[in-house]
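One letter stands for each residue in the lines below.
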Amino acid sequence: MVIGSAIYYPRTFSYRLRTTLRLIFVDVRHFADGDASIGPDEISLDTYMHDIDEVHAHLGHDRVVLVGHSHHGNLALEYAKRYPERVSHLVLIGAPPVDVISTVKAAEAYWEAHASEARKATLRAKLAHFRAEGRGRMTPEQAYVAQYVAEGPRYWHDPTYDASHLWEGVPLNMGAMAIFREFFADGYELWWGREQLAAPVLVMVGEHDYAVPPVLWDDVLRRQKDLRFHLFRNSGHTPQLEEPEEFDRVLLDWLDKSR
């Protein structure tokens, strides 16, 4: 069960993987149609947990392999901690193990230290084009996607990759998005105890992820011994799309060995 978007995420996982696993893609509120004027008193992390649990109940499975990419990985972990009996395995892809501010600071340092001059030049050119297109003439939803695409050199191993097609038809609820970002704001730290989470955990990150840099996991790996960590050398933020054969191999091998 992949949580996030039932439109965006199916485009990132290989069809070959679907011959072995049944993949179920679940929308969350910020990637679904809804009232954009929604306030923080109307939606919370508990709301998201309830939504995911409603889908789980509808599916009728006792337990699922729960998958979350980026901040949806944080959602997946929080769900697995609340309902450990419903999650057989937990897969976190490019998920930040710390709060948003710490992630941004680490990303800037990683970018300065490790991004090539060519990559940096590509980002400058893409952002200049984005600004020239006129953000002020875009809706907030259009601007969100356009900026994400423009910042591709931070997200993809190939700095020239155009992710526009992944976003086609994906609804964005900017009100829910603003609230969602606050869930993992100041002071958030990814952690679990054995008494909270019995499911095996697989963490997969890309070496060229300049948005959620892999170095963020260094401290976590020292204190959380009960997880498998895999670094994709030729991936950025989305290794399931950038290195699909390696991703499928690592995931299926881990699932087989951790039954």
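Scroll up a little and you will see the structure.
Keep in mind that what you see is a predicted model, and the values were worked out from it rather than measured. (Residues numbered from 1 in each chain as written. Predicted model: local features only at pLDDT ≥ 70, side-chain atom pairs only at ≥ 80, totals over all residues. Heavy atoms only, no water.)

**A few points about the sheet that holds strand 4 (residues 87-93)**
Phase 1: Taken together, six strands build an open sheet; the order of strands is 2-1-3-4-5-6 and the sheet is parallel. Looking at which strands have only one partner, the edges of the open sheet turn out to be strand 2 (25-27) and strand 6 (228-232). The average undirected angle you get between the axes of adjacent strands in this sheet is 20°.
Phase 2: For strand 3 (residues 64-69) and strand 4, the ladder comprises six bridges, and the chain directions are parallel. (Pairing = 2+ DSSP bridges. Helix = DSSP H or I, 4+ residues; strand = E, 2+ residues; numbered from the N terminus. Axes fitted to C-alpha atoms, helices over the stretch in contact; angles between N-to-C directions.)

**A closer look at the pairing of strand 6**
Phase 1: Bridge count between strand 5 (residues 201-206) and strand 6: five bridges; the pairing is parallel. Bridge pairing links Leu202 to Arg228 in strand 6.
Phase 2: Regarding the hand of the β-α-β motif, the stretch spanning strand 5, helix 9 (residues 218-223) and strand 6 is right-handed. (Right-handed = clockwise from strand over helix to strand, strands pointing away.)

**A word on the side chain of Asp99**
Phase 1: Residue placement: Asp99 occurs in the loop between strand 4 and helix 3 (100-114).
Phase 2: Comment: no salt bridge for buried Asp99; closest opposite-charge side chain is Lys105, at 7.7 Å.
Phase 3: Among the polar contacts listed, one links the side chain of Asp99 to the backbone nitrogen of Ser102, at a separation of 2.8 Å.
Phase 4: Aside from chain neighbours lying at most four places away, what touches Asp99 is Phe184, Ala185, Asp186, Gly187 and Tyr188. (Buried < 20%, exposed > 50% of the residue type's maximum accessible area, 1.4 Å probe, protein only. Lys, Arg positive; Asp, Glu negative; His and termini not counted. Salt bridge = Lys/Arg side-chain N within 4 Å of Asp/Glu carboxyl O. Polar contact = N/O pair within 3.5 Å; in protein donor to acceptor, adjacent residues only side chain to side chain. Contact = heavy atoms within 4.5 Å.)

**Examining the environment of Gly34**
Phase 1: With respect to the element layout, Gly34 can be found in the loop between strand 2 and helix 1 (45-59).
Phase 2: On a C-alpha basis, the gap between Gly34 and Val149 in space is 24 Å, while along the polypeptide they are 115 residues apart.

**Here we look at the packing of aromatic side chains**
Phase 1: If you walk through the whole model with that rule in mind, you get 20 aromatic pairs.
Phase 2: When the ring of Tyr144 is compared with that of Trp167, the centres are 5.9 Å apart and the planes differ by 80°; the resulting orientation is edge-to-face. Note that Tyr144 is positioned in helix 5 (residues 140-150) and Trp167 in helix 7 (residues 164-167), a separation of 23 residues in sequence.
Phase 3: With centroids separated by 4.5 Å and ring planes inclined at 50°, the aromatic side chains of Trp156 and Tyr161 adopt a geometry described as tilted.
Phase 4: A relative accessible area of 23% means that Tyr161 is categorised as partly exposed.
Phase 5: In this structure an aromatic cluster arises from ring pairing among Tyr8, Tyr9, Phe31, Tyr144, Tyr148, Tyr155 and Trp167.
Phase 6: Sitting over the face of the ring of Tyr15, Arg18 holds its NZ or CZ atom 4.7 Å from the ring centroid.
Phase 7: Cation over ring: Arg154 sits above Trp111, and NZ or CZ is 4.7 Å from the ring centre. (Phe/Tyr/Trp six-rings, centres within 6.5 Å; stacked < 30°, edge-to-face > 60°. Lys NZ or Arg CZ within 6 Å of the ring centre and 35° of its normal.)

**Quick notes on helix 2 (residues 71-82)**
Residues that lie three or four places apart on an α-helix share one face, since the helix turns once every 3.6 residues.
Phase 1: When the terminal C-alpha atoms of helix 2 are compared, their 17 Å separation across twelve residues agrees well with the 16 Å that a helix rising 1.5 Å per residue should span.
Phase 2: Among the twelve residues in helix 2, nine count as buried, and that is most of the element.
Phase 3: Those residues of helix 2 lying buried are His72, Gly73, Asn74, Leu75, Ala76, Leu77, Glu78, Tyr79 and Ala80.
Phase 4: Packed against the buried residues of helix 2 are strand 1 (2-4), helix 1, strand 3, strand 4 and helix 8 (174-183). (Expected span 1.5 Å × (residues − 1).)

**Re the pairing of strand 5**
Phase 1: Of all six residues making up strand 5, six are buried, and the element is well covered by its neighbours.
Phase 2: Side chains Val201, Val203 and Val205 project from strand 5 onto one buried face, and the interleaved Leu202, Met204 and Gly206 project onto a second face that is buried too.
Phase 3: For strand 4 and strand 5, the ladder comprises four bridges, and the chain directions are parallel. From the neighbouring strand, Leu90 faces strand 5, where its bridge partner is Val201.

**Some details on the packing of helix 5 against helix 8**
Phase 1: Viewed as axis vectors pointing N to C, helix 5 and helix 8 meet at an angle of 55°, and their least axial separation amounts to 10 Å. By the criterion of interaxial angle, the relationship of helix 5 to helix 8 is oblique. From helix 5, Pro140, Glu141 and Tyr144 reach across to helix 8, where they touch Met174, Met177 and Arg181.
Phase 2: In terms of residue class, the contact of helix 5 with helix 8 is made up of four nonpolar, no polar and two charged. (Parallel < 35°, antiparallel > 145°, perpendicular 65-115°, else oblique. Nonpolar A, V, L, I, M, F, W, Y, C, P; charged D, E, K, R; others polar.)

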